[in-house]
Amino acid sequence: MGTEVLSHIVRDNYIIAKIRGEKGKLLERQQLHSLAEFRTQSEILGVLADGPYGKELSELRDGSSPIETERAVRLGFARGVKTLISSSQGSARDFLSEFSRRFDAYDLAAIVVFKAQGKSWEEFVSTRQPLALLKEAELHRLYSMDDLQTIVGIVGDRALVNRVKSFSMEDLAGERASLVRDIITGWGEERFYKYVDDKLGGFDRESCLPIAGGTIDLANLTIILRSKLIGIPNVREHLIPSFWKLDNRAIDQLLVAQDVTQALDLASSHPYYHSILSGARQKYEETKSLSFLEVASRKHSIHISKRIFLGFPYTLGVVLAFLIVKENEARNLAAIVAGVGAGMKPDQIRSLVAIPE
């Protein structure tokens, strides 16, 4: 048995055993489909009461809003991740901390979007990410500020400030706000990708890069498409300078595409991403929205995760694959709760969730 293999078994044996147990509690495809059929939130809560999210859901009051229910689901996911962190040590613990650090970018992006929409602090704080490292007091201070570059500069680095320097809080509306959100969350994913690429080695790096790299590529694709949608010049200034399979040549081709539909045709012909982007142009033309790309990105990560589960079990890639699948489950449940609360039809709800094949 090789030295690297043995060291992985010694390091990861306990945490992988915990993950095996948690994998058995994941909701099946048919269960998620069935939840989308329910017409009331109470029916959904009844089904989930005995599962991994039961502790948080049991603390909800009668008549709780969909937002409160969504937060309870996120808290359940966060509790699971924190349990894994407490069960890990050394490089595995550092890895989990870096994974959690991504959520600071999601809170920062939400602050910008909520402020641009004129929403109150109370409306934002009910949606904050429970895994984010930023404390509520720090978030409240950020929410009291009005200058976009100042807000971004406190949480982000100089690179992120430069990527949003051509925007101001006053002109963030509609797709422009969505573009700034994409830029900020992409920066958060980039930090995790760089950690995987620079700090990990061997089996760990090899197994994690397809997930982290694919997320970076599809984030850049989203930024390019949204920029074309609203006529933003100098798109490259807003892109993540890292890439996985969408190299500089592919990016250049996307940048010179005449419009969103031509760019989607180019992206869907890419050898690596063809399977998940097939039919992307049709989806965009039917909905006039890019929201399907987030679902496509999550489905891609789930597909890669399933492949990782079939490989050598003692790597950080297995840990990441479980976290991706679990995070997707929590996002799916939040989308289903929101959809049911809004009175959407089951087929409409299913279009918003990434349900694994």
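Below is a short write-up of the structure. All values derive from a computational prediction rather than experimental measurement.

### As for the overall build of the protein chain
The helix and strand tally for the protein chain stands at 19 helices and zero strands. Since a compact globule built from 357 residues should have a radius of gyration of about 21 Å, the 20 Å found for the protein chain is in line with a globular shape. Summarising its shape, the C-alpha atoms of the protein chain cover approximately 55 × 50 × 40 Å along the three principal directions. Sequence separation of at least 24 residues holds for 68% of the intrachain contacts in the protein chain that already meet a minimum separation of 6. By element, 51% of the accessible surface of the protein chain is carried by carbon and sulfur atoms, the whole surface being about 16,500 Å². With 46 positive and 46 negative side-chain charges, the protein chain shows a spacing of 2 Å between the two charge centroids.

### Comments concerning the packing of helix 12 (residues 202–230) against helix 18 (residues 316–341)
Orientation of helix 12 relative to helix 18, taken along the N-to-C sense of each, is 25 degrees, at an axis distance of 7 Å. Comparing their axes, helix 18 and helix 12 come out roughly parallel. From helix 12, Asp-204, Ser-207, Cys-208 and Ile-211 reach across to helix 18, where they touch Leu-316, Gly-317, Leu-320, Ala-321 and Ile-324. Looking at the contact of helix 12 with helix 18 residue by residue, the classes come out as six nonpolar, two polar and one charged.

### So, the packing of aromatic side chains
As enumerated under the stated definition, the model contains 13 aromatic pairs in all. Between the aromatic rings of Phe-99 and Phe-192, the centroid separation amounts to 6.1 Å while the plane-to-plane angle is 80 degrees, which identifies the pairing as edge-to-face. Taken together, the residues Phe-99 in helix 6 (residues 90–116) and Phe-192 in helix 11 (residues 175–199) connect sequence positions 93 residues apart. Directly above the aromatic system of Phe-114 lies the positively charged group of Lys-119, at a separation of 4.9 Å from the ring centroid.

### Considering the pattern of salt bridges
Considering all chains together, one arrives at 24 salt bridges under this definition. A salt bridge links Glu-56 to Arg-79, with the nearest nitrogen and oxygen atoms 2.6 Å apart. In this pair, Glu-56 is assigned in helix 4 (residues 54–57) and Arg-79 in helix 5 (residues 66–87), connecting sequence segments 23 residues apart. Close ionic contact of Lys-326 with Glu-329 constitutes a salt bridge, the shortest N to O distance being 3.1 Å. Linking Lys-326 with Glu-329, this pair stays in helix 18, spanning three residues, or about one helical turn. You'll find Lys-326 and Glu-329 in the same group, each marked buried. Linked by salt bridges that have partners in common, Arg-102, Glu-189, Glu-294, Arg-298, Glu-327 and Arg-331 make up one network.

### Describing the environment of Asn-248
The residue Asn-248 is located in helix 13 (residues 248–255) in this model. Taking the C-alpha atoms as reference, Asn-248 lies 38 Å from Ile-336; in sequence the two are 88 residues apart. Apart from the residues lying within four places of it in its own chain, the contact partners of Asn-248 are Arg-236 and Phe-243.

### Focus on the side chain of Thr-185
Looking at where Thr-185 falls in the secondary structure, it is placed in helix 11. What makes Thr-185 buried here is its relative accessible area of 13%. At 3.3 Å, the side chain of Thr-185 forms a polar contact with the backbone oxygen of Asp-182.

### A look at the packing of helix 6 against helix 18
The geometry of helix 6 relative to helix 18 is characterised by a closest axis approach of 11 Å and an angle of 30 degrees between their N-to-C directions. Relative to helix 18, the crossing made by helix 6 is right-handed. Here Ser-91, Ala-92, Phe-95, Leu-96, Phe-99, Arg-102, Phe-103 and Tyr-106 of helix 6 come into contact with helix 18, specifically with Leu-316, Val-319, Leu-320, Leu-323, Ile-324, Glu-327 and Arg-331.

### Things to note about helix 6
With 27 residues, helix 6 extends 41 Å from end C-alpha to end C-alpha; this agrees with the ideal 39 Å at 1.5 Å per step. Among the residues trailing helix 6, Gly-118 stands out with phi positive, at a value near 75 degrees.

### Concerning the nonpolar core
Phe-95, Phe-99, Val-196, Val-319, Leu-320 and Ile-336 are the most contacted members of the largest nonpolar core, which has 57 residues in total. The greatest single-element share of this core, amounting to 14 residues, is contributed by helix 18. Core analysis: the next-biggest nonpolar cluster, separate from the first, contains 56 residues, Leu-108, Met-169, Ala-250 and Ala-280 among them.

Thresholds, definitions, all that
Residues numbered from 1 in each chain as written. Predicted model: local features only at pLDDT ≥ 70, side-chain atom pairs only at ≥ 80, totals over all residues. Heavy atoms only, no water. Helix = DSSP H or I, 4+ residues; strand = E, 2+ residues; numbered from the N terminus. Rg over C-alpha atoms; globule rule 2.2 N^0.38 Å. Contact = heavy atoms within 4.5 Å. Areas by Shrake-Rupley, 256 points an atom, 1.4 Å probe, with all protein chains shown as cover. Lys, Arg positive; Asp, Glu negative; His and termini not counted. Charge placed at Lys NZ, Arg CZ, Asp CG, Glu CD. Axes fitted to C-alpha atoms, helices over the stretch in contact; angles between N-to-C directions. Parallel < 35°, antiparallel > 145°, perpendicular 65-115°, else oblique. Nonpolar A, V, L, I, M, F, W, Y, C, P; charged D, E, K, R; others polar. Phe/Tyr/Trp six-rings, centres within 6.5 Å; stacked < 30°, edge-to-face > 60°. Lys NZ or Arg CZ within 6 Å of the ring centre and 35° of its normal. Salt bridge = Lys/Arg side-chain N within 4 Å of Asp/Glu carboxyl O. Buried < 20%, exposed > 50% of the residue type's maximum accessible area, 1.4 Å probe, protein only. Polar contact = N/O pair within 3.5 Å; in protein donor to acceptor, adjacent residues only side chain to side chain. Left-handed = near helix turned anticlockwise from the far one by under 90°. Expected span 1.5 Å × (residues − 1). Core = buried A, V, L, I, M, F, W, Y, C linked by side-chain atoms within 4.5 Å.

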